[in-house]
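A structural walkthrough
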Amino acid sequence: MRLLPLLLLLLAGAAARASDDPFLSGAANHSYNIDCGGAADFTSSFGRRWLADQFFSPGGAAGMVAEPHRFPQPQERTLRFFPPSSAGKSSCYSLPLPPGRYYLRIFSVYDNYDSKARTPSFDVSAAATLVLSFRSPWPEPAARSGAYSDLIFPSATEPASDVCFYSLSTDAPVVASIEVAPVHPLAYDGATTGADLVLVNYGRVTCGNSLFGPGFTKDPDAFARVWQADVDFRNNDLKYDAITAGGRKIFGSNQPPNYFPTKLYESAVTTGGDASNEIEYLMPVDTRLSYMVWLHFAEIDAGIGAAGQRVFDVMLAGENVTRIDIFKQVGGFTAFKWTYVVENLTTSTLSVKLVPVVGRPILCGLENYAMVPLEMRTVPSQVAAMKALKESLKIPARMGWNGDPCAPRAWDAWEGVTCHRGDRGLVITQLDLASQGLKGFITDEISHLKDLVSLNLSYNSLTGSLPPGLGQPSLVSLDLSSNEFTGSIPGTIGSSKLQTALLNNNQLDGQVPERLYSIGVHGGVIDLSGNKGLCGVPTLPACALFWEKGGLNKTGKIALGASFGFVLLVILIVVYILCIRRGPYDYDFEFPQDLTSISAISAKRNRYQRAKSVMLAEMEAHSPEGFYTNGSPH
């Protein structure tokens, strides 16, 4: 997709009024002014607070334009560029934005900052959708003085939205400033288009006026738009006259949800010369897209006081789409807005023509927005899993793991990542990160990659244990060879689809799960060599009876449990015999606590003799033969 951004040459101006500039409300209102490449925060002459971009983790390197004295504002002099050799093919600014619609403005400038005299080619995405393309060579005014591009986009449902820059070939994307502020959710037909479209500005002009808008002149726009003079878009083969409201008040402007500024309707152009002349503007377009055209009118000629005195047709791309009588619609000195969607364009220039019917046509302003369909994004749970893997695997910056892992589709995906379209969004199907010098570990959040078919992390220096989450049912090929993984192999690894499992040359130990080994039995490929501690399957040592490296194996744990149960049973039997089964003639013959005490031994002997005498007496009393003395009966 090739998009032509709106180019606005730099102009200095007086400070804008704070009450009319949404970019002055700050982070509390989720508006940010980011000085790309700037080292410290500052407040501009327009009263805006600018933030150093280090808080938004941009990566890349900071730079400065070749001739900073030509740029009146500090944020226009500094820039950040992203060499693909160190920053990867994609580099992103992460903006903390809750769900909603936002106005985004980007300032890009080259000004030979790198002394190569060659402007770079790169793409820009917002909301994971390709929205801008810069192609070398840039127009000379943009290359030297800079270009402003703006759009309206819906933020992601995540806590942050990314604005990403994609390198073409070896070119380094470059950006000088980023501004973002919330807009009314219903602005520009947001009720029907807001959630599914990005509106990219292909031209926003004020007719019969010079450039104006907050941050550029003292003239306010509560939407923060900048309105460009129309001279660069006119068909110069026609004649034009400029008219003004002469100080008369304009009604109906600056109203929600679009807040079109009053100044827009205080001037207009009409035809010059013959009354049959037309007004025509030629707007650059991309024929693959549809366009939302907005026309702005106000009857500011006091000589028009009734309906039917000024009537004209509107023709877009050669098609007559409507007839307008401003006074009939709203009366005099009142803002009137009209919009139309143009589709199926066949040329790269959109003709906007006003053809007279009665009197001369009149126009106050014109906007043209490309309607870029919002691209499908990666399933949120898989985005979170990939960001966790980025941290745990210690992915280097040169691999460009930034933004959405799979979108925009025109830029494939993160390096080493393959994606496919799923039912709920884009999903990760392959990770090939072999020989990347990784030194981290595999987080168990990899279990959220439920569509993963192939995982190759071989020939790195990854450590730690293998998480149970590696056992995705979708996994067909697993290659973790030549790393430094330790511990046992989780029993979850080995789904019915798994055909290749290469775990060789690690430091794994313990018994190999039968579920994993069965892969080789059923015709798959499995390699467990180079792990001295693995055991329990053919070609590997038998596991010890009770012990394996690191602790008891399964058999040992069962044996330990059985032994404990047997000891407990013996204890219960002894207690039963000694305590529960004791009769009335059981006597305590317990050894004294102090065996070395003579008195204690004597006392025990006396107790024994008394007990013996009592026993004899009882026997004599119960004997029918009387009792015995020295063995003779009496």
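Each remark here, short or long, concerns the structure printed above.
Please read these numbers as outputs of a predicted model, since none were measured by experiment.

Quick notes on the rules
- Residues numbered from 1 in each chain as written.
- Predicted model: local features only at pLDDT ≥ 70, side-chain atom pairs only at ≥ 80, totals over all residues.
- Heavy atoms only, no water.
- Helix = DSSP H or I, 4+ residues; strand = E, 2+ residues; numbered from the N terminus.
- Buried < 20%, exposed > 50% of the residue type's maximum accessible area, 1.4 Å probe, protein only.
- Contact = heavy atoms within 4.5 Å.
- Areas by Shrake-Rupley, 256 points an atom, 1.4 Å probe, with all protein chains shown as cover.
- Polar contact = N/O pair within 3.5 Å; in protein donor to acceptor, adjacent residues only side chain to side chain.
- Core = buried A, V, L, I, M, F, W, Y, C linked by side-chain atoms within 4.5 Å.
- Domains from an automatic or database assignment.
- Disulfide = S-S within 2.5 Å.
- Salt bridge = Lys/Arg side-chain N within 4 Å of Asp/Glu carboxyl O.
- Expected span 1.5 Å × (residues − 1).
- Pairing = 2+ DSSP bridges.

From N to C terminus, the protein includes nine helices and 38 strands. Taken across its 634 residues, the protein has 47% of its residues classed as buried. Look at the contacts in the protein between residues 6 or more apart in sequence, and 68% of them connect residues 24 or more apart. If you sum the accessible surface of the protein, you get close to 29700 Å²; carbon and sulfur atoms cover 55% of it.

Further remarks concern the side chain of Asn-506. As for its position among the elements, Asn-506 is in the loop between strand S31 (500-502) and strand S32 (507-511). Only 3.0 Å separates the side chain of Asn-506 from the backbone oxygen of Leu-480, close enough to count as a polar contact. One polar contact links the side chain of Asn-506 to the main-chain carbonyl oxygen of Leu-503, over a distance of 3.1 Å. Filtering out sequence-adjacent residues up to four positions away, Asn-506 remains in contact with Leu-480, Ser-481, Ser-482, Asn-483, Glu-484, Phe-485, Gly-530 and Asn-531.

Quick look at the nonpolar core now. In globular proteins that are soluble, nonpolar side chains generally tend to be buried together. Residues Phe-153, Tyr-188, Tyr-281, Leu-295 and Phe-297 are the most contacted members of the largest nonpolar core, which totals 105 residues. Both domains that meet at this core, namely domain 1 (23-183) and domain 2 (228-373), each give it at least three residues. Counting 44 residues, the second largest nonpolar core, distinct from the first, contains Leu-438, Ile-489, Leu-503 and Leu-516.

Turning our attention to the state of the cysteines. Applying the stated criterion across every chain yields a total of three disulfides. In this model Cys-92 forms its disulfide with Cys-164; the gap between the sulfur atoms is 2.0 Å. Negative torsions about the S-S bond denote left-handed disulfides, and the value of about 105° found for Cys-92 with Cys-164 makes this one right-handed. One end of the pair, Cys-92, is in strand S6 (residues 90-95); the other, Cys-164, is in strand S11 (residues 161-167), with 72 residues separating them in the sequence. The class of Cys-164 is buried, set by a relative accessible area of 2%. Through a disulfide, Cys-406 is tied to Cys-419; the S-S separation comes to 2.0 Å. Here the disulfide of Cys-406 and Cys-419 is left-handed, its torsion about the S-S bond being about -75°. On the criterion of sequence distance, the pair formed by Cys-406 in the loop between helix H6 (380-392) and strand S26 (417-421) and Cys-419 in strand S26 is long-range, its members being 13 residues apart.

This next bit is on the pattern of salt bridges. Following the criterion strictly, the structure yields 19 salt bridges and no others. Between Glu-179 and Arg-105 there is a salt bridge, and its shortest N-O distance comes to 3.2 Å. In this pair, Glu-179 is assigned in strand S13 (residues 177-182) and Arg-105 in strand S7 (residues 101-108), connecting sequence segments 74 residues apart. A salt bridge links Asp-286 to Arg-288; its shortest N-O distance comes to 3.2 Å. Taking the relative accessible area as the measure of exposure, Asp-286 reaches 7% and is therefore buried. Each of the salt bridges in this network shares a partner with another, and the network as a whole consists of Glu-67, Arg-70, Asp-111 and Arg-144.

Looking at the element boundaries, Arg-248 is found in the loop between strand S16 (240-244) and strand S17 (267-271). As for Arg-248 and Glu-266, which are separated by 18 residues in sequence, their C-alpha atoms are 8.2 Å apart. For Arg-248, the contacting residues outside a window of four places in its chain are Ala-302 and Phe-333.

We now examine H6. Its 13 residues place the ends of H6 18 Å apart at the C-alpha level, agreeing with the 18 Å of an ideal helix rising 1.5 Å per residue. Buried residues belonging to H6 abut S26 and strand S27 (426-432). Just downstream of H6 lies Lys-394, where phi reads positive at about 55°.

Most of S11 sits inside the fold, with seven of its seven residues counted as buried. Side chains of S11 alternate between two faces, with Ser-161, Val-163, Phe-165 and Ser-167 and Asp-162, Cys-164 and Tyr-166 buried alike. Bridging between S6 and S11 involves six bridges; their strand directions are antiparallel. For Leu-95, the partnering residue across the bridge sits in S11 and is Ser-161. As judged from the five bridges shared by strand S8 (residues 122-126) and S11, these two strands associate in the antiparallel manner. Following the sheet pairing, Asp-123 is matched in S11 by Tyr-166.

Here we take up unusual backbone geometry. The peptide bond linking Ser-136 to Pro-137 adopts the cis configuration, its omega dihedral lying at 0°. Considering the arrangement of structural elements, one finds Pro-137 in the loop between strand S9 (129-134) and helix H3 (140-145). A positive phi angle is found at Asp-111, which is not glycine, with a value near 45°. Relative to the helices and strands, Asp-111 resides in the loop between S7 and S8. A positive phi is found at Asn-254, a non-glycine position, where the angle reads about 55°. Relative to the elements of secondary structure, Asn-254 occurs in the loop between S16 and S17. You can call Asn-254 partly exposed: its relative accessible area is 34%.

Counted residue by residue, strand S25 (residues 365-373) has eight buried out of nine residues, so it is predominantly covered. Where strand S19 (residues 290-297) and S25 come together, seven bridges link them in antiparallel fashion. The partner of His-296 across the bridge, within S25, is Gly-365.

A separate point is the sheet that holds strand S12 (residues 174-175). One open sheet accounts for three strands, arranged S4-S5-S12; its pairing is antiparallel. Every interior strand has two partners, whereas the edge strands, strand S4 (61-64) and S12, have only one. Pairing of S4 with strand S5 (residues 78-81) involves four bridges; the strand directions are antiparallel. Bridging across to S5, Ala-62 finds its partner in Arg-80.

By themselves, these figures tell us nothing about what the structure is for.
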